[in-house]
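Chain by chain, the residues:
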Amino acid sequence: MNQSLQALSKASEKFSKLSLSHGKRARLWRLLYGHGPRNGSLLVLPLDQGLEHGPTDFFPNPPAIDPEYQFRLAVEGNFSAIALGVGLAEKYMADYAGRIPLILKLNGKTNIPSDAHATSPLFASVEDAVRLGADAVGYTMYVGSPRQHDEFRQFEKVRQDCERYGMPLVVWSYPRGEAIEAKGGKNSLFAQDYAARVAVELGADIVKLHEPNDNRTNAPAPYDKLDEDASARSQRVVRSAGRTMVLFSGGEKNDDDAAVLRKVEFYMDSGAQGVMFGRNMWLRPLDQAVALVKEVHKIMAKHPR
Amino acid sequence: MNQSLQALSKASEKFSKLSLSHGKRARLWRLLYGHGPRNGSLLVLPLDQGLEHGPTDFFPNPPAIDPEYQFRLAVEGNFSAIALGVGLAEKYMADYAGRIPLILKLNGKTNIPSDAHATSPLFASVEDAVRLGADAVGYTMYVGSPRQHDEFRQFEKVRQDCERYGMPLVVWSYPRGEAIEAKGGKNSLFAQDYAARVAVELGADIVKLHEPNDNRTNAPAPYDKLDEDASARSQRVVRSAGRTMVLFSGGEKNDDDAAVLRKVEFYMDSGAQGVMFGRNMWLRPLDQAVALVKEVHKIMAKHPR
Amino acid sequence: MNQSLQALSKASEKFSKLSLSHGKRARLWRLLYGHGPRNGSLLVLPLDQGLEHGPTDFFPNPPAIDPEYQFRLAVEGNFSAIALGVGLAEKYMADYAGRIPLILKLNGKTNIPSDAHATSPLFASVEDAVRLGADAVGYTMYVGSPRQHDEFRQFEKVRQDCERYGMPLVVWSYPRGEAIEAKGGKNSLFAQDYAARVAVELGADIVKLHEPNDNRTNAPAPYDKLDEDASARSQRVVRSAGRTMVLFSGGEKNDDDAAVLRKVEFYMDSGAQGVMFGRNMWLRPLDQAVALVKEVHKIMAKHPR
Amino acid sequence: MNQSLQALSKASEKFSKLSLSHGKRARLWRLLYGHGPRNGSLLVLPLDQGLEHGPTDFFPNPPAIDPEYQFRLAVEGNFSAIALGVGLAEKYMADYAGRIPLILKLNGKTNIPSDAHATSPLFASVEDAVRLGADAVGYTMYVGSPRQHDEFRQFEKVRQDCERYGMPLVVWSYPRGEAIEAKGGKNSLFAQDYAARVAVELGADIVKLHEPNDNRTNAPAPYDKLDEDASARSQRVVRSAGRTMVLFSGGEKNDDDAAVLRKVEFYMDSGAQGVMFGRNMWLRPLDQAVALVKEVHKIMAKHPR
Amino acid sequence: MNQSLQALSKASEKFSKLSLSHGKRARLWRLLYGHGPRNGSLLVLPLDQGLEHGPTDFFPNPPAIDPEYQFRLAVEGNFSAIALGVGLAEKYMADYAGRIPLILKLNGKTNIPSDAHATSPLFASVEDAVRLGADAVGYTMYVGSPRQHDEFRQFEKVRQDCERYGMPLVVWSYPRGEAIEAKGGKNSLFAQDYAARVAVELGADIVKLHEPNDNRTNAPAPYDKLDEDASARSQRVVRSAGRTMVLFSGGEKNDDDAAVLRKVEFYMDSGAQGVMFGRNMWLRPLDQAVALVKEVHKIMAKHPR
């Protein structure tokens, strides 16, 4: 542990600059150095797709419908944390408590109604996270939605409760809604770059972003003229997030293991703190997923933070 | 009772895996082993139709307009619980208190205004349930409604109060609203499967669902291509609900007793924890209803949980 | 008083079956046996028309614009209670306090904006009623309005406060809004029958209803085919209200005294607990009104409850 | 002061009939007998036009843009009170505290957005009024607006806080919104008469009204046929306000001093408690305004209340 | 410091007239005399553009994306304060705490959705400001927006908390929304003049305004005929703000240093308390920006307040 503390003080530039309360520091330490790669980088397994997308997301790998599957994978794959909602935490975590840090997702929605005025209602609280022994909370913010004022307003109390309880705050900063669609879509560089900045301005400790694509159609100036390659784009959003640590999303499943690993390497090269890979992990059979995550760990080891 | 406790620890796979607070455990035990079939299965008599559908639901059996009727049936038919709102509980339960567990429905609405943006407002609280000696609360959630954010938000406090008071939480997880209608309707497999998952993600202990039908028109992929028989469909939604216990709804009255019993058997074969039959019970004359429920008990006895 | 208590235990079937808190019992006793007919029946003088309809309602009898008029009539006519809002109670009740029970109306609105999405905002609380020495509170609920969720939600706290303070709860259960209009109108049997049931489901102690008319055009099945006479219709809604006591509304002024008295008799024959007559009382000159109410008392005396 | 107390007990019929808490009585006494005409009548100087109409209202008399001007006028003109918002009170009242009673306006809005669904949000509280040593609070209520439910709901707490702190409550009862426009406009007899009644029903101690005009076009029956002269119209709304004291508004500036004085006399003859004249006072040069108000005092002296 | 105190009592006419609580006085003193020009004038560096406009605002000077840059500039340029949100304050201020006063912006939004119904949600509180050692809070109010009632309502608590904690309150008083556009636009004299008055009416200590332009098209009377030069226009809005101190905004970057300095001089000549220049400062390379701000200080020195 002395070694880890030493690593801590040396490795993470962002971490060392942050003025954190004792509780946040302790919990972030567990995520960055107590579990997963243990070198300041992060490898998070999310399981909120059943709520956000419905059970269809589990169809390619039927056992994945049982959250036990993801808990096993999170432990056997030595993830930094598993991220899920209060229902799954209460009903499935008992056997794994202490063995895998929990990021409790506090809000969410189904994808059934239109996303034009998307909003993500709270259905759990930071106090729930404390009660469940979580090491962070997750909050989805629909940046640019016509209802973003609801997103911002309910965020205030979450952030303040995080401060009060010493709970790190992970923001799923998601451009969404009709105005975003009209300006080039949710994964455009314009949208992701703005979402990164919103996260640091509002007080996220960690932000989950998507890799910005190269679509410039309808993007507001000067993004419409900004011809950057993938690497420059990803580095740009990491830079815009400032001292808020960036996790890139794995997105939809890719059957090509090598491509998944290249993506991880690419994200880490971009300066991200880590990755949040769900479907690319738990839609593989358990042994294959565990084998793949071992390869991921080798990449993470090369990118201490 | 020793026997029952033994049954408890052996029988219910779901129950034994749950990490329940003392209060929830005690109350769930009364529902699963203290009343009704007493083998872990559940047989619930609902009486919220007067509010949800209006007095018309009682027309086929006029005495049923008097809630006394349902209380008598619940006791004489040895149901696991009766589910109704605070007005009926306060005005009719006094003579039956202690003889039949109460599931207090906390929210509801009439069916007079349009369901396009359906929402179900709270009109009672978990504290009301505690005061009235209830063994669980019921909450209707309109999954997929354009106002589902209101449903989710108000659910948060209900769930937290359930945790605080040790009150089991039964969710009527009902797909509803214009987006559901546009995607194949409220009883499609897509809709029921999603509703089952939402229930476990948000923290329901028990979920009431409807048997999914075979309509695939307008269903989102891959449900539009998913050609499963009735049994597979029902098993699928039970599976999607995970460790949340499933009750299937009896729906509209069927005059054919044998058909009703076949339906009960079918639901239990699908892995459900039990059934919630209202109109198929209390729209029969009392003696016929009691006779029918005895046959139901025979089926339940074959399906310990 | 012994006699009255004896009357109490014998007379009111509904009252004796109710499981009431001490406070509710004491206050209801004052309404049913301490004032007015004193036989369990109720004769209530409402004065919320100035808010709900505007000063025009007083034009036929100009002195009635002064609330003094109604207070004098309530006392001299030996009514069970006067029902009005907090402004009138605070400014006019001082000289009559203790001489006439008060039902404090807690919400209301003007009829100036459209009723298509009718809602009735609270402008007083149960604590106001306690402070003013009221013996009950009144709450208007617009059943079937597209905003009925607001009506239900704000009702929750009112009902809970009534429970906490032992305050009987009188619900003006009024079908209203565009969906009601589309289904046959606010005074149809469909609408009044549903409104009666909503009152008992949500927890009203007393419900004010209107006599259902015989309009079946646009009524939902099976009401569209339900050909019942006036007596059967009124009995039906009384039955649908269950153990919630029913008051029928007097409605607009009828200059024919005999017709008014026949209406009272008709309502009491229908099983109502009593009547709430405003304009048919206070739009008559005081001496005529007092004379008429004496005749009403003779009818009430024949209908102990 | 003995004399004043004697005047108090004799003069104001309304005041003597009111059952007021000690605090309200003390503060109302200061307004009615401690300042201004000191005979139970009221002469109030309002200064909320800068918010409600914008700085344009001050253009005819540029010095009036500086609130100092109105404070000087209020003191030198011996007004009963000055009515303004929390910002002006905090920044300008220090030198005048104790010399002129304050009516703190609690809500308000600009006239920039459409008035079709007018609503007047609170931006100060009764506790602010207590802190600032106010002798009353002012509340604008948009009667008949499609958002009148918001107006009523937020009024509840204001009224209750007034009761708690013994603070008199002055209501600017203003018909407003698209439904009012469709029914003859905000200054019609229909609208002002209704507004007067709403004020007393909801619990105003004092109500500010506008002189009803003679427009009957589009007015609801029976106002469309009600052919009354100006005097009868004004007396009618005073009567409809009951024991709530009426202040008539001075409205837009009239350069003819004699006409202003005739208007004051007319209002007092109608039975009003007093007048609230802003622009007709502070849009005159200070010496002219002080001279005019002296003439007003002569009229008020003839109308003790 | 004696000298400063003496300056304080002599210099600032507005300051000396204000009746300030001890806390507000102490904090305002730090802004007016403890930092920056130290003569009662104010030179504020804002950094909320990343949230309000997105990262594009930093494109002309890439290092400015790192908030370190602005903190360095604020300290080296001897600004009166830096104004930014809670996320940037928490993550970047540690090394600068005590060296540069903080104005914590409490609300904000992105510019992605339409501004037609603009509203600026709170995402931090006055208590956050206290915790972070801020010397003032900032609040954006969209004057004239169809949702201005939301702006006013949430402002109430902010203002009250400022009073409670002795925290000066800076209002970004911004005309915005479809009605403003229809009446000549957000920077018209009509709009800025009204915004200035709203700020003082609602209780701002300091207001940030934009220089009013000369557009009179569509302006409401009498602004449509008001032909004033730039100097008269700016003096007018300063006058309308009364004892609320005015800061003029620097707006978009101007590469011509001399023009920037002329603008500062112009604003100070108009009677403003100071200026808030962001992009015109931090879009210059650090050495150039520091050089420019030195010239600004020379101007400020000529305008003690």
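Residues numbered from 1 in each chain as written. Chains lettered and ligands numbered in written order. Predicted model: local features only at pLDDT ≥ 70, side-chain atom pairs only at ≥ 80, totals over all residues. Heavy atoms only, no water.

Is there a simple way to explain the overall build of chain A in this structure?
When helices and strands are tallied, chain A shows 14 helices and eight strands. Whereas a compact globule of 305 residues would reach a radius of gyration of roughly 19 Å, chain A reaches 18 Å, a difference of no more than 12%. Expressed as a percentage of contacts within chain A between residues at least 6 apart in sequence, the contacts between residues at least 24 apart total 73%. Looking at chain A, you have 39 positive and 37 negative side-chain charges, and the mean spots of the two groups are 4 Å apart. (Helix = DSSP H or I, 4+ residues; strand = E, 2+ residues; numbered from the N terminus. Rg over C-alpha atoms; globule rule 2.2 N^0.38 Å. Contact = heavy atoms within 4.5 Å. Lys, Arg positive; Asp, Glu negative; His and termini not counted. Charge placed at Lys NZ, Arg CZ, Asp CG, Glu CD.)

Mind showing me how you'd approach the relation of the copies chain E and chain D here?
For the pair of chain copies, the relating operation is a rotation around an axis with a shift along it. Screw-axis analysis of chain E against chain D gives a translation of 0.0 Å along the axis, an RMSD of 0.0 Å, and a rotation angle of 72°. Expressed as an axis order, the relation between the two copies is that of a five-fold axis. Within chain E, E:Asp150 has its C-alpha nearest the rotation axis, a separation of 10 Å. (Least-squares fit on C-alpha atoms with pLDDT ≥ 70 in both.)

Any chance you could explain the sheet that holds strand β7 (residues 245–249) of chain E here in plain terms?
Hydrogen bonds along the backbone pair up the strands of a sheet, which may run parallel or antiparallel. Residues and elements named next belong to chain E. An order of β1-β2-β3-β4-β5-β6-β7-β8 is seen for the eight strands of this closed barrel, with the pairing classed as parallel. Sheet twist, expressed as the average angle between the axes of neighbouring strands with direction ignored, equals 25°. In terms of strand pairing, strand β1 (residues 42–46) meets strand β2 (residues 81–84) through three bridges, oriented parallel. Paired with Val44 across the strands is Ala81, a residue of β2. Packing against the sheet, helix α5 (residues 67–76) makes contact with β1 and β2, and its axis sits at approximately 155° to β2. Sitting on the sheet, helix α10 (residues 189–202) touches β4 (136–143), β5 (169–175) and β6 (206–209), and the angle it makes with β5 is about 150°. (Pairing = 2+ DSSP bridges. Axes fitted to C-alpha atoms, helices over the stretch in contact; angles between N-to-C directions.)

Would you mind showing me how to read unusual backbone geometry here?
Most of the time, phi is negative for any residue but glycine, and the peptide bond is trans. In the segment running from A:Ala221 into A:Pro222, the intervening peptide bond is cis, with an omega of 0°. Here A:Pro222 is to be found in the loop between β6 (206–209) and α11 (230–240). Backbone geometry places E:Arg38, a non-glycine residue, at a positive phi of 60°. Its location among the elements puts E:Arg38 in the loop between α3 (22–34) and β1. With relative accessibility at 39%, the residue E:Arg38 sits in the partly exposed group. (Buried < 20%, exposed > 50% of the residue type's maximum accessible area, 1.4 Å probe, protein only.)

Is there a simple way to think about the interface of chain A and chain E in this case?
When the parts of a complex come together, some accessible area is lost, and that lost area is often taken as the interface size. Every contact between the two is made by 39 residues of chain A and, on the other side, 38 residues of chain E. Roughly 3200 Å² is buried in total at the junction of chain A and chain E, and carbon and sulfur atoms are behind 58% of that figure. A per-residue breakdown of the area chain A buries against chain E is headed by A:Tyr194, A:Arg197 and A:Glu201, which together make up 23% of the total. Taken together, the connections running from chain A to chain E amount to five salt bridges. (Buried area = accessible area lost by both parts, 1.4 Å probe. Salt bridge = Lys/Arg side-chain N within 4 Å of Asp/Glu carboxyl O.)

Hey, could you run me through the interface of chain E and chain D in this one?
Contacts between chain E and chain D engage 39 residues on the former and 38 residues on the latter. Between chain E and chain D lies a buried interface of about 3200 Å² when both sides are counted; carbon and sulfur atoms form 58% of it. The largest per-residue losses of area from chain E upon contact with chain D belong to E:Tyr194, E:Arg197 and E:Glu201, which jointly make up 24% of the total buried on that side. Where chain E packs against chain D, one counts five salt bridges. Between E:Arg159 and D:Asp128 there is a salt bridge, and its shortest N-O distance comes to 2.7 Å. For the pair chain E and chain D, the interface holds 22 residue pairs in polar contact (both at pLDDT 80 or more). The set of elements that each furnish at least two residues to the side of chain E that touches chain D consists of α8 (148–165), α9 (178–182), α10 and α11 (230–240) of chain E. For the side of chain E that touches chain D, the per-class residue count stands at 16 nonpolar, 10 polar and 13 charged. (Polar contact = N/O pair within 3.5 Å; in protein donor to acceptor, adjacent residues only side chain to side chain. Nonpolar A, V, L, I, M, F, W, Y, C, P; charged D, E, K, R; others polar.)

I tried to follow the sheet that holds strand β6 (residues 206–209) of chain B on my own but got confused; where do I start?
Residue and element names in this part refer to chain B. Sheet architecture is closed into a barrel: eight strands sit in the order β1-β2-β3-β4-β5-β6-β7-β8, paired in parallel fashion. Taken pair by pair, the neighbouring strands of this sheet meet at an average axis angle of 25°, ignoring direction. Here strand β4 (residues 136–143) runs beside strand β5 (residues 169–175); their pairing, made up of seven bridges, is parallel. Considered in β5, the bridge of Thr140 is made with Trp172. On top of the sheet, helix α8 (residues 148–165) reaches β4 and β5; it is set at about 160° to β4, its chief contact.

It is not clear to me how the packing of aromatic side chains should be interpreted in this structure. Could you clarify?
Aromatic rings in a pair are described by how distant their centres are and how their planes are angled relative to each other. Under the counting rule described, the total for this entry stands at 55 aromatic pairs over all chains. Seen in terms of ring centroids, A:Phe71 and A:Tyr96 are 5.3 Å apart; in terms of plane orientation they differ by 25°. Their pairing is stacked. A residue pair is termed long-range when its members are at least 10 positions apart, and A:Phe71 in helix α5 (residues 67–76) and A:Tyr96 in the loop between α6 (86–92) and β3 (102–105) qualify at 25 residues. Each member of the pair, A:Phe71 as well as A:Tyr96, carries the same accessibility label: buried. The ring of D:Trp172 is capped by D:Lys105, whose NZ or CZ atom sits 4.3 Å from the centre of that ring. The positively charged end of E:Arg236 is found above the aromatic ring belonging to D:Phe59, 4.5 Å away from the centroid. (Phe/Tyr/Trp six-rings, centres within 6.5 Å; stacked < 30°, edge-to-face > 60°. Lys NZ or Arg CZ within 6 Å of the ring centre and 35° of its normal.)

Would you explain the confidence of the model for chain A in this entry?
It should be kept in mind that the predicted coordinates are not to be read in detail where pLDDT is low. Residue and element names in this part refer to chain A. Across chain A, the average pLDDT comes to 94, with 95% of residues at or above 70. Across residues 5–11, where pLDDT falls below 50, the model places 10 contacts with residues more than four positions away in sequence or in other chains. Scored as a complex, the prediction yields pTM 0.94 and ipTM 0.94. (pLDDT = per-residue confidence, 0-100.)

So what exactly am I meant to see when it comes to the pattern of salt bridges here?
Between side chains of opposite charge, a pair can form as their charged atoms come close. By the definition in use, this model includes 126 salt bridges over all chains. Across the salt bridge formed by A:Arg197 and A:Glu201, the nearest N and O atoms sit 2.9 Å from each other. Of the two residues, A:Arg197 and A:Glu201 are both situated in helix α10 (residues 189–202); the distance of four residues between them amounts to about one turn of the helix. Of the charged contacts in the structure, one is a salt bridge between D:Glu90 and E:Arg159, with a shortest N-O distance of 3.9 Å. Of this pair, D:Glu90 sits in helix α6 (residues 86–92) while E:Arg159 sits in helix α8, placing the two residues on different chains.

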